[in-house]
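Working through the structure, step by step
For reference, the chains in residue letters:
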Amino acid sequence: MQTLAFIHQKGGTGKTSLAIVAAITFAAQRKRVLVLDSDYQGTATRWFETVGEAMAAREGWPLVVRSEVQSDIAGALSRYGDRFDLAVIDAAPSLTETTVAILRAADLLVIPIRPALPDVWALEPMTTLLAGRDIPVRIVINHYRGEDLVVIDGELDALGMERVAVIEADTRIPALFAGRSPGTDWPWVGAVMDRAVGSTPASQRAPLTTT
Ligand SMILES: Nc1ncnc2c1ncn2[C@@H]1O[C@H](COP(=O)(O)OP(=O)(O)O)[C@@H](O)[C@H]1O
Ligand SMILES: [Mg+2]
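All figures in this text were calculated on a predicted structure; none of them were measured in a lab.

This next bit is on the overall build of the protein. Across its full length, the protein carries 9 helices and 7 strands. Taking 17 Å as the expected radius of gyration for a compact globule of 211 residues, we find that the protein reaches 16 Å, a close match to that expectation. Taking the principal axes of the C-alpha coordinates as reference, the protein spans close to 45 × 40 × 30 Å. A total of 211 residues make up the protein; the buried ones form 42% of that total. Across the protein, the fraction of contacts at a sequence separation of at least 24, relative to all contacts at a separation of at least 6, is 82%.

And the structure:
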């Protein structure tokens, strides 16, 4: 099972929305997808319980959302492991023991940022935690409405990062929470997955320490 984590210690950058959209896109390709909702706010879980489960049944998507707010992410993944092809973790907006557990478990990190400098600045503790580790990171600019990205790109560059996709502000995202299918035409999902990786899956990496 591959594990993808949507993570950023800042709230409101699009982790939950993009995790659900990516999960739907993969499930529509017949991959069995588990979304692990690691945020105590439980937005992804609530989406599933209120409208998502019915949407998945209607569309024939093999998609399940489960809440996992304890830090034992690896335990949760191994509990569900055999039944899914892909796990998508929706992380809480924090940098905690659970964040470290997610970094250990993930094969790929997707970090959504809004096109604003504070979202880039808030990445600094995470980049410190990731320094020297072979974890592939994909930065995506989310909720884009024509902002100038030159300064943002410069700041990302200074952190040793680059964006791989720009996702526009899109009414399909708020509508998703009201039960409307967002469809599966989301090219950024492929862009995030397709980039040459050249790094090691979580199962083969050295343990992550926080010191
Ligand atoms: N690309 C987008 N277009 C329109 N609205 C968006 C987009 N991405 C996120 N949103 C909205 O922004 C809000 C915060 O997104 P959310 O996914 O909950 O962020 P996070 O999980 O990082 O806190 C939600 O109301 C969501 O509907
Ligand atoms: Mg969220």
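Bringing the site of ligand 1 into the picture now. Among the 16 residues in the neighbourhood of ligand 1, the closest are listed as Gly14, Lys15, Thr16, Ser17 and Ile173. Looking at the shell around ligand 1, the elements with two or more residues in it are helix H1 (15-28), strand S6 (137-144) and helix H8 (172-177). For the shell around ligand 1, the element with the highest residue contribution is H1, accounting for 3 residues. Of the residues assigned to the shell around ligand 1, the class counts are 5 nonpolar, 9 polar and 2 charged.

Once that is clear, we can look at the environment of Arg32. Within the fold, Arg32 resides in the loop between H1 and strand S2 (33-37). Among the residues examined, Arg32 registers 17 C-beta atoms within 10 Å and is labelled partly exposed. Taking the C-alpha atoms as reference, Arg32 lies 16 Å from Arg58; in sequence the two are 26 residues apart. Those residues within four positions of Arg32 in sequence are excluded, and the remaining contacts are Pro62, Arg83, Phe84 and Asp85.

The next thing to look at is the pairing of S2. Of all 5 residues in S2, 5 are buried; the element is thus mostly enclosed. In the sheet, S2 pairs with strand S3 (residues 63-67) via 5 bridges, with the strands oriented parallel. Residue pairing across strands places Leu36 opposite Arg66, the latter belonging to S3. With helix H2 (residues 43-59) bridging S2 and its parallel neighbour S3, the resulting β-α-β unit is right-handed. Here S2 pairs with strand S4 (residues 86-90) via 5 bridges, running parallel.

Bringing the sheet that holds S6 into the picture now. Ordered by their spatial adjacency, 7 strands build an open sheet running S3-S2-S4-S1-S5-S6-S7, and the pairing between neighbours is parallel. The outermost strands of the open sheet, each flanked by one partner alone, are S3 and strand S7 (163-168). Each strand axis lies, on average, 20 degrees off the axis of its neighbour in the sheet, ignoring direction. Relative to S6, strand S5 (residues 108-113) is paired through 5 bridges, and the arrangement is parallel. In the strand pairing of S6, Ile111 is matched with Ile139.

The residue Val51 is located in helix H2 in this model. Placed 128 residues apart in sequence, Val51 and Gly179 show a C-alpha to C-alpha distance of 5.0 Å.

Below, the discussion takes up the packing of helix H3 (residues 73-80) against helix H4 (residues 97-105). The packing of two helices is summarised by the inter-axis angle and the distance between the axes. Contact geometry for H3 and H4: axes closest at 8 Å, N-to-C directions at 45 degrees. Accordingly, the angle class assigned to the pair H3 and H4 is oblique. The residues of H4 that touch H3, namely those facing Ile73, Ala74 and Leu77, are Thr98, Ala101, Ile102, Arg104 and Ala105. Of the residues that constitute the contact of H3 with H4, the class distribution is 6 nonpolar, 1 polar and 1 charged.

This next bit is on the pairing of strand S1 (residues 2-6). Counting buried residues along S1, 4 of its 5 residues qualify, which places the element largely inside the surrounding structure. Note that S1 and S4 share 5 bridges and pair parallel. Opposite Phe6, over in S4, you have Asp90 as the bridge partner. Bridge analysis of S1 against S5 gives 3 bridges, and the strand direction is parallel. Note on S5: the bridge partner recorded for Leu4 is Leu108.

About the criteria used
- Residues numbered from 1 in each chain as written.
- Chains lettered and ligands numbered in written order.
- Predicted model: local features only at pLDDT ≥ 70, side-chain atom pairs only at ≥ 80, totals over all residues.
- Helix = DSSP H or I, 4+ residues; strand = E, 2+ residues; numbered from the N terminus.
- Rg over C-alpha atoms; globule rule 2.2 N^0.38 Å.
- Buried ≥ 20, exposed ≤ 12 C-beta atoms within 10 Å, placed from the backbone.
- Contact = placed C-beta atoms within 7 Å.
- Near = placed C-beta within 6 Å.
- Nonpolar A, V, L, I, M, F, W, Y, C, P; charged D, E, K, R; others polar.
- Pairing = 2+ DSSP bridges.
- Right-handed = clockwise from strand over helix to strand, strands pointing away.
- Axes fitted to C-alpha atoms, helices over the stretch in contact; angles between N-to-C directions.
- Parallel < 35°, antiparallel > 145°, perpendicular 65-115°, else oblique.

Such coordinate-based values are descriptive only and should not be taken to indicate function.
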